[in-house]
Amino acid sequence: LSTMEETKNIEKEFADIIIQRPHEFKVGRKSLYLYPLTLAKTLVLKSYMEALEIDMRMMQLEPHVECLRLVETKKDICAQILAIHATPNTRKDLYNGSGMKTRRRIMGSLKTEHLAALLMIVMTRENMDMIMKHYGIDEERKRMAEVMKVKKRDDKSTLTFGGKTLIGIFICQLKEMGYRDEEIVFEQGYDYLQLVLADRLSTIYLSNEELE
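Residues numbered from 1 in each chain as written. Predicted model: local features only at pLDDT ≥ 70, side-chain atom pairs only at ≥ 80, totals over all residues. Heavy atoms only, no water.

1. Re the overall build of the protein chain
Part 1: When helices and strands are tallied, the protein chain shows 14 helices and two strands.
Part 2: Each of the three principal axes of the protein chain carries a C-alpha extent, and together these read 65 × 45 × 30 Å.
Part 3: Across the 212 residues of the protein chain, 32% fall into the buried class.
Part 4: As displayed, the protein chain offers around 14000 Å² of accessible surface, 54% of which is attributable to carbon and sulfur atoms.
Part 5: In the protein chain, the 33 positive side-chain charges and the 33 negative ones have mean positions that sit 7 Å from each other. (Helix = DSSP H or I, 4+ residues; strand = E, 2+ residues; numbered from the N terminus. Buried < 20%, exposed > 50% of the residue type's maximum accessible area, 1.4 Å probe, protein only. Areas by Shrake-Rupley, 256 points an atom, 1.4 Å probe, with all protein chains shown as cover. Lys, Arg positive; Asp, Glu negative; His and termini not counted. Charge placed at Lys NZ, Arg CZ, Asp CG, Glu CD.)

Okay, structure coming up:
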């Protein structure tokens, strides 16, 4: 891809994260959607993704070929993964056993190539690293880390505790910003919330000595 095409793709992916656009597809006359991943779905999917034993090199070089292989060898797991992706982003829907079973059955009824195409969509969605780099968020985070190292070195009276799990480094920070538990875990897209934390405005006072 040219630089211009790459830029357009990244900006489209960024817009999709912000508006949390679901990907629509049809099975017969029925419309279904692949919704943005939430934190809850990410955690639920972890064991299924590990069970697929994805060849990451092939997924980067030939994603369609790798997705076809996964569907041909582990169709039931692929159908379950897509059923989770096709679940509306609410706690009620995620834990609705009959609804999940129906979606899994629908996914399992698809032809191999159609199931592989859907699997490729969810496997190759928004590239957060590229988005962070494109908008300079990664560089801002590096600058922030350097500033915090200086502050920590010069301010011997301040100690920081916690931040060892997702609760401290992700959930608690979002709750301080006004998000509810339900939104953080079950409703808002995980990529969207990561961008909220990564790109929020922060102001840190530095003395002349610290600045130098």
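2. Quick notes on the pattern of salt bridges
Part 1: Going through the model one piece at a time under the given rule, you end up with twelve salt bridges.
Part 2: As a salt-bridge pair, Glu53 and Lys74 come within 3.0 Å of each other at their nearest N and O atoms. With a gap of 21 residues between them, Glu53 in the loop between α2 (39-52) and α3 (56-61) and Lys74 in the loop between α4 (63-73) and α5 (75-85) connect regions that are remote in the sequence.
Part 3: Arg180 is the partner of Glu183 in a salt bridge, and the nearest nitrogen-oxygen pair spans 3.7 Å.
Part 4: Residue Glu183 is classed as buried on the basis of its relative accessible area of 17%.
Part 5: By relative accessible area, which is 46% here, Arg180 ends up partly exposed.
Part 6: A network of salt bridges, in which partner residues are shared, links Lys12, Asp16 and Arg21. (Salt bridge = Lys/Arg side-chain N within 4 Å of Asp/Glu carboxyl O.)

3. Observations regarding the side chain of Asn89
Part 1: Structurally, Asn89 can be placed in the loop between α5 and α6 (91-94).
Part 2: Side-chain polar atoms of Asn89 contact the side chain of Lys41, separated by 2.7 Å.
Part 3: Once residues within four sequence positions are removed from consideration, Asn89 is found in contact with Tyr35, Pro36, Thr38, Lys41, Phe186 and Glu187. (Polar contact = N/O pair within 3.5 Å; in protein donor to acceptor, adjacent residues only side chain to side chain. Contact = heavy atoms within 4.5 Å.)

4. What to know about the confidence of the model for the protein chain
Part 1: Averaged over the protein chain, the pLDDT score is 90; the fraction of residues at 70 or greater is 95%.
Part 2: Within the protein chain, no element has a lower average pLDDT than helix α14 (residues 208-211), which sits at 72, and none a higher one than α5, at 98. (pLDDT = per-residue confidence, 0-100.)

5. Observations concerning the pairing of strand β2 (residues 30-34)
Note on strand geometry: in a regular strand, side chains alternate between the two faces of the sheet.
Part 1: Both strand β1 (residues 23-27) and β2 contribute to a ladder of five bridges, which runs antiparallel. Residue Val27 lies in a different strand from β2, and its bridge partner there is Lys30.
Part 2: Hairpin remark: β1 followed by β2, antiparallel, with two residues in the connecting loop; positive phi at Gly28, about 65 degrees. (Pairing = 2+ DSSP bridges.)

6. Structural notes on the packing of helix α1 (residues 3-19) against helix α13 (residues 190-198)
Part 1: Viewed as axis vectors pointing N to C, α1 and α13 meet at an angle of 100 degrees, and their least axial separation amounts to 8 Å. In terms of axis orientation, α1 runs roughly perpendicular to α13. In contact with Phe14, Ile17 and Ile18 of α1, α13 contributes Asp191, Tyr192 and Leu195.
Part 2: Broken down by class, the residue content of the contact of α1 with α13 amounts to five nonpolar, no polar and one charged. (Axes fitted to C-alpha atoms, helices over the stretch in contact; angles between N-to-C directions. Parallel < 35°, antiparallel > 145°, perpendicular 65-115°, else oblique. Nonpolar A, V, L, I, M, F, W, Y, C, P; charged D, E, K, R; others polar.)

7. A closer look at the packing of aromatic side chains
Part 1: Evaluation of the coordinates by the stated rule reveals four aromatic pairs.
Part 2: Summarising the aromatic geometry, the rings of Tyr33 and Tyr35 are spaced 6.1 Å apart at their centres and angled 45 degrees between planes, so their arrangement reads as tilted.
Part 3: Arranged with centres 6.0 Å apart and planes meeting at 75 degrees, the rings of Tyr95 and Phe186 form a pair that is edge-to-face. Within this pair, whereas Tyr95 is found in the loop between α6 and α7 (97-108), its partner Phe186 is found in helix α12 (residues 181-187), the two being separated by 91 residues in sequence.
Part 4: Judged by relative accessible area, Tyr95 falls into the exposed class, the value being 58%.
Part 5: Relative accessible area serves as the criterion here: at 8%, Phe186 is assigned to the buried category. (Phe/Tyr/Trp six-rings, centres within 6.5 Å; stacked < 30°, edge-to-face > 60°.)

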